[in-house]
There are 2 protein chains.
Amino acid sequence: MMPQQNTSQDLNLSLVKSACSNCNLRELCLPFGLSEAEMGRLDELVSSRRRLKKGDNLYRAGTRFDAIFAIRSGFFKTDVLLEDGREQVTGFQMSGELLGLDGISTEFHTCNAVALEDSEICAIPFTRLENLSREIKTLQHHFHKVMSREIVRDHGVMMLLGTMRAEERLAAFLLNLSQRFTARGYSHADFFLRMTREEIGSYLGLKLETVSRAFSRFQEDGHIAVQQKHVRILNVAGLKALMNNQRR
Amino acid sequence: MMPQQNTSQDLNLSLVKSACSNCNLRELCLPFGLSEAEMGRLDELVSSRRRLKKGDNLYRAGTRFDAIFAIRSGFFKTDVLLEDGREQVTGFQMSGELLGLDGISTEFHTCNAVALEDSEICAIPFTRLENLSREIKTLQHHFHKVMSREIVRDHGVMMLLGTMRAEERLAAFLLNLSQRFTARGYSHADFFLRMTREEIGSYLGLKLETVSRAFSRFQEDGHIAVQQKHVRILNVAGLKALMNNQRR
DNA sequence: GAATCAGGTTGACCTGGATCAAGCATAACG
DNA sequence: CGTTATGCTTGATCCAGGTCAACCTGATTC
């Protein structure tokens, strides 16, 4: 199965009725845990929808922040650029996940969010979200959890970048993707990467050649089958084992 | 001037009246932006205080989360451990900063917080903080900003770990410390490190020997003067310049 | 004030991943 | 359908930072 191969047909269909209350991502996304009535109130707030083509920026570093975004379909990367042009990909986001939380702190976005395939997002005006979450305890708490989860996730990436070797990093990356696809009802073992080797490398603190070699190595060792962006995981345990190898 | 060389005398004094409303960190900490009356309500919440000796754990990964902590005085590190014993220091925290935000997501702490010198913290029961921030808009918004700032900070660390060379990392680290000391009214150019070379290394994704060599190099180049934990910054511009060196 | 110990420095050597370079695969396009 | 562009793979070489080891420094203890 090919996850999230959305055609424009799918997108049109999804627009027919477009509210949290009948979105199939509601258990993954912001409405998690809300009652029918409460979800209805969130619907009012999430009126604004937007489609992005592959390569489009959802927002850029330095632009005004006024809403967070929930990914309805598609795939994004966020990155930070240094003046000298160096790029650090800070994350890859998929459906049901939130984008833009970095902007709350200064009222300006501090990173760029780019669609890696045609995507659709729900814009959630932040002030209105704060207002509503002062009324709905469950919403408030869930939002706090989502922000906290982001912090925990970032700590994981730091661990990866700070202490792991190249192959461990890639193994961790693949297992993480796999697990997130599973949560969305897609195959855990057969998927298409939306990002290039260079983007993976940037995220993992490696050069694209190193990423490519690690893929080849995993294939030789029978852990995966790769052909370009198509990845099949053949041996989850093998990949997991790789992650405790440290200094050989 | 030696920042935060608290003696037990200082600590006793500070306990005489111990509330946000007359804490000199209130502009850096959670109460930021609150009115007198609102701050009074926060006072009720922040009743619990705790002292920690150097080396004490404020909390450990896996323990139940029920409060966040504001540092009244002292210095902490947070770290994450891998099963095989590898450690990643995820941050260093000083007075006025919050600890424990990682625990909101799962109701369990996901990292360890360790005092690097004798310290004092204010415990803020999280449920009560959520209750109060449903009533006080300013508090709610400021809390969101603090969480978001943490995310932005983490992105900075990823950039550092993912794309910078050893000397750039240390320069960035020193400049960041310097700037945070300044914000607390201490010298920006003369301070004592609370952490070991090994802890700096863990934070920066380097080995302690590399950290030590970078310090020596900076000294040779006249950017700083170091003697063990005592650091004096002699040339801020020089350090800043180092950060755009990339692949020489 | 000698002994112990944790932390810091420095040197010599080694290696994982970066760099440079060439060729291949696939998609996009006139 | 051939051309062009973009992304991927693989090989050869290099070097920043890791590893190992010896020594130094300053704080703590008896």
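In what follows, the accompanying structure is described. Small disclaimer: the values here were computed from a predicted structure and weren't measured. (Residues numbered from 1 in each chain as written. Chains lettered and ligands numbered in written order. Predicted model: local features only at pLDDT ≥ 70, side-chain atom pairs only at ≥ 80, totals over all residues. Heavy atoms only, no water.)

1. Side note on the interface of chain A and chain B
1) Next: Taken together, the contact between chain A and chain B spans 47 residues of the former and 47 residues of the latter.
2) Next: Summed over both partners, the interface of chain A with chain B comes to about 4,600 Å²; 59% of that surface belongs to carbon and sulfur atoms.
3) Next: Among the residues chain A hides against chain B, the three largest losses belong to Arg86(A), Arg134(A) and Met158(A). Together they make up 16% of the total.
4) Next: There are four salt bridges connecting chain A and chain B.
5) Next: Between Glu107(B) and Lys145(A) there is a salt bridge whose closest N-O contact spans 3.8 Å. (Contact = heavy atoms within 4.5 Å. Buried area = accessible area lost by both parts, 1.4 Å probe. Salt bridge = Lys/Arg side-chain N within 4 Å of Asp/Glu carboxyl O.)

2. Let's talk about the relation of the copies chain A and chain B
1) Next: Overlaying chain A on chain B yields an RMSD of 0.0 Å, the required transformation being a rotation through 180° with an accompanying axial translation of 0.0 Å. Classification of the inter-copy transformation places it as that of a two-fold axis. For chain A, the residue whose C-alpha comes nearest the rotation axis is Arg134(A), separated from it by 2.2 Å. (Least-squares fit on C-alpha atoms with pLDDT ≥ 70 in both.)

3. A closer look at the sheet that holds strand β2 (residues 57–59) of chain A
All names here are of chain A.
1) Next: Pairing is antiparallel in the open sheet, where four strands are placed in the order β2-β7-β4-β5. The open sheet has two edge strands with one neighbour each: β2 and β5 (87–94). The sheet shows a mean angle of 30° between the axes of neighbouring strands, direction not considered.
2) Next: Helix-sheet contacts for helix α6 (residues 197–204) involve β4 (75–81) and β5, and the interaxial angle to β5 is about 105°. (Pairing = 2+ DSSP bridges. Helix = DSSP H or I, 4+ residues; strand = E, 2+ residues; numbered from the N terminus. Axes fitted to C-alpha atoms, helices over the stretch in contact; angles between N-to-C directions.)

4. Considering α6(A)
All names here are of chain A.
1) Next: With six of eight residues buried, α6 is to be regarded as a mostly interior element.
2) Next: Listed as buried for α6 are Glu199, Ile200, Gly201, Ser202, Tyr203 and Leu204.
3) Next: For α6, the secondary structure elements touched by its buried residues are β4, β5, α4 (137–163), α5 (166–183) and α7 (208–220).
4) Next: Residue Gly205 follows α6 closely and has a positive phi angle near 70°. (Buried < 20%, exposed > 50% of the residue type's maximum accessible area, 1.4 Å probe, protein only.)

5. Some details on the pairing of strand β8 (residues 119–125) of chain B
Residues and elements named next belong to chain B.
1) Next: Along β8, six of the seven residues are buried, which leaves the element largely enclosed by surrounding structure.
2) Next: Here strand β3 (residues 67–73) runs beside β8; their pairing, made up of six bridges, is antiparallel. For Ala67, the partnering residue across the bridge sits in β8 and is Pro125.

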